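Chain residues, written in single-letter form:
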Amino acid sequence: MSGPLIVLVGPMGVGKSTVGELLAERLGTTYRDTDADVVATAGKAISEIFIDEGEEHFRALERQAVRDAMAQHQGVLSLGGGTVLDGTTRELLAGHPVVYLSMDVDEAVKRVGLNTARPLLAVNPRRQWRELMEARRHLYEEVARSVVATDERTPEEVAQAVLDALELPERTGESPLSGRENTRMTEQGTTRIQIAGTAGTDPYEVLVGRQLLGELANLIGDRARRVAVLHPEALAETGEAVRQDLADQGYEAIAIQLPNAEEAKTVEVAAYCWKALGQTGFTRTDVIVGVGGGATTDVAGFVAATWLRGVRWIAVPTTVLAMVDAAVGGKTGINTAEGKNLVGAFHPPAGVLCDLAALDSLPVNDYVSGMAEIIKAGFIADPVILDLVEADPQGARTPAGPHTAELIERSIRVKAEVVSSDLKESGLREILNYGHTLAHAIEKNERYKWRHGAAVSIGMVFAAELGRLAGRLDDATADRHRAVLESVGLPLTYRGDQWPKLLENMKVDKKSRGDLLRFIVLDGIGKPTVLEGPDPAVLLAAYGEVSA
């Protein structure tokens, strides 16, 4: 019978893609994934298909993808978790070498994590998982020639078990898995970035990867009895899922819903959180978890810093901006009518979980906004970031791009190195504000309705022009700012008639000293420096270069 050499079936998060790729390497053949085929056909993520067209439309696309792959592919094939629900698909699989990869519910919740792109596990992952498996387990077993359990097994061990079950010979030569034997499937592809403790603070880790929810309880620890999960209204289901999961593990977990975006960063919202903590009996050994974008992690950190003069908190950023900027470094704060982040504290988290799966359903404009902070890291410290963006600007605009994980990790490493040396912005850390002096003025002028990254993009072009006019930066590097930012869809200009207002706003910026304006400019790529008290005529001329 012609068709794939191996067909892998099983629930979401079981590791079909990981094991499938390893099997293909061992057998000297190719790998194919029908979920990827559906995404390619639809031109959008699976979660978007569910939202825009509904599950029935997705299942039709999935059914066709399986039919095509079974007819065309001769290597290793993995099928989406729900493909076995379709009777014609089950008939099509009859007689083929199908392997069912299984796992129990606790393992499932660890691996699936905070993936908002898993539309069928949106609320309570444990309950939803059990319900899904009750409906599907017998179907997996019906189509499978063999069943291979994945619990507490490495990818290599699972791949070997599949080969043994099907009695397939491995290609001779060195195993492509050499050096990976100690990687557990629950931490597959996870990068751990160390942030050194300074000024009496403890060191902590930033984890970047997928399926990271299982790490949350480890960070919370045994001393905590109560956990407060702060989340924005837009992530109500995700916040409740995290709360329920922690409650299932024995914590007294509450969820505190915040307004979306910058509307959360007010003293009134902070006071609301303090009241909830007081009514719950929060003590110094209890823990706050901030799940959401940069505004949410700013508020969560600020509430943690101020409750009982400081309790532990954990950041679970769900946007690019929050992952590479807001959640790392311990700067927390709220806004006032006079400016952004003028009230705050330096209070580093106990850990940061950057689950890249949370980006899969992020709106494109929000994703692109986060790219401004990544590009900033490239200009001030790591030019490889700029090279990666320039090599594939369209790929840089989407979480499905080839360099997504590397771009995020490199940006975090830049910030990690800086904040490990200067927690409280007394020196080196100031370079992280490249482009931010004008950006914060724009945000205030727009009453915080603008995306932060859009304002930072304009702020960086302004800073580049300021550096050029001050004789610090060469023309090519200044022009490169425009090219790189524009290539991913970030704005380069702002309203020319707003300069007087912006200038007044900048005078109350946190980087100013008295009435002396301070700007971060570049002497070259990776060479940031401070420009103090520039001539007002030079400032006006630089702004003229970004005026629309």
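Residues numbered from 1 in each chain as written. Predicted model: local features only at pLDDT ≥ 70, side-chain atom pairs only at ≥ 80, totals over all residues. Heavy atoms only, no water.

1. Points about the confidence of the model for the protein
And then number 1: Residues at a pLDDT of 70 or more form 88% of the protein, whose mean pLDDT is 86.
And then number 2: Segment residues 111-124: pLDDT under 50, and 58 contacts once partners within four positions in sequence are set aside and those in other chains are kept.
And then number 3: Taken as a whole, residues 172-188 scores under 50 in pLDDT and shows 33 contacts with residues more than four places along the chain or in a different chain. (pLDDT = per-residue confidence, 0-100. Contact = heavy atoms within 4.5 Å.)

2. Digging into the pattern of salt bridges
And then number 1: Overall, the coordinates contain 32 salt bridges when judged by the stated rule.
And then number 2: For Glu-390, the salt bridge goes to Arg-480, with nearest N and O atoms at 2.7 Å. Here Glu-390 is found in helix 15 (residues 383-391), whereas its partner Arg-480 is found in helix 20 (residues 475-487), with 90 residues between them in sequence.
And then number 3: A single network of salt bridges, built from pairs that share partners, joins Glu-465, Arg-468, Asp-475, Asp-479 and Arg-482. (Salt bridge = Lys/Arg side-chain N within 4 Å of Asp/Glu carboxyl O. Helix = DSSP H or I, 4+ residues; strand = E, 2+ residues; numbered from the N terminus.)

3. Considerations on the side chain of Asp-33
And then number 1: Looking at the secondary structure, you find Asp-33 in strand 2 (residues 31-33).
And then number 2: Despite its burial, Asp-33 pairs with no opposite charge; the closest candidate is Lys-16, at 7.4 Å N-O.
And then number 3: Within the structure, Asp-33 has its side chain in polar contact with the side chain of Ser-17 (distance 3.2 Å).
And then number 4: Residues in contact with Asp-33, not counting those within four places in the same chain, are Ser-17 and Ser-78. (Buried < 20%, exposed > 50% of the residue type's maximum accessible area, 1.4 Å probe, protein only. Lys, Arg positive; Asp, Glu negative; His and termini not counted. Polar contact = N/O pair within 3.5 Å; in protein donor to acceptor, adjacent residues only side chain to side chain.)

4. A few points about the packing of aromatic side chains
And then number 1: With the rule as written, the count across this model stands at 7 aromatic pairs.
And then number 2: A ring pair is formed by Phe-50 and Phe-58, whose centres lie 5.1 Å apart and whose planes are at 40°; its orientation type is tilted.
And then number 3: Centre to centre, the rings of Trp-274 and Phe-302 are 6.3 Å apart; their planes meet at 45°, and the pair counts as tilted. Pair noted here: Trp-274 is in helix 11 (residues 267-280) and Phe-302 is in helix 12 (residues 294-306), with a separation of 28 residues, a long-range link.
And then number 4: Overall, the relative accessible area of 6% leaves Phe-302 in the buried class. (Phe/Tyr/Trp six-rings, centres within 6.5 Å; stacked < 30°, edge-to-face > 60°.)

5. Examining the sheet that holds strand 3 (residues 76-78)
And then number 1: Spatially, 2-3-1-4-5 is the arrangement adopted by the 5 strands of the open sheet, whose pairing is parallel. Edge positions in the sheet fall to strand 2 and strand 5 (146-149), since each has one partner strand and no second. Pairs of neighbouring strands in the sheet enclose a mean axial angle of 25°, with direction left out of account.
And then number 2: In terms of strand pairing, strand 2 meets strand 3 through 3 bridges, oriented parallel. By the bridge assignment for strand 3, Tyr-31 is matched with Val-76. (Pairing = 2+ DSSP bridges. Axes fitted to C-alpha atoms, helices over the stretch in contact; angles between N-to-C directions.)

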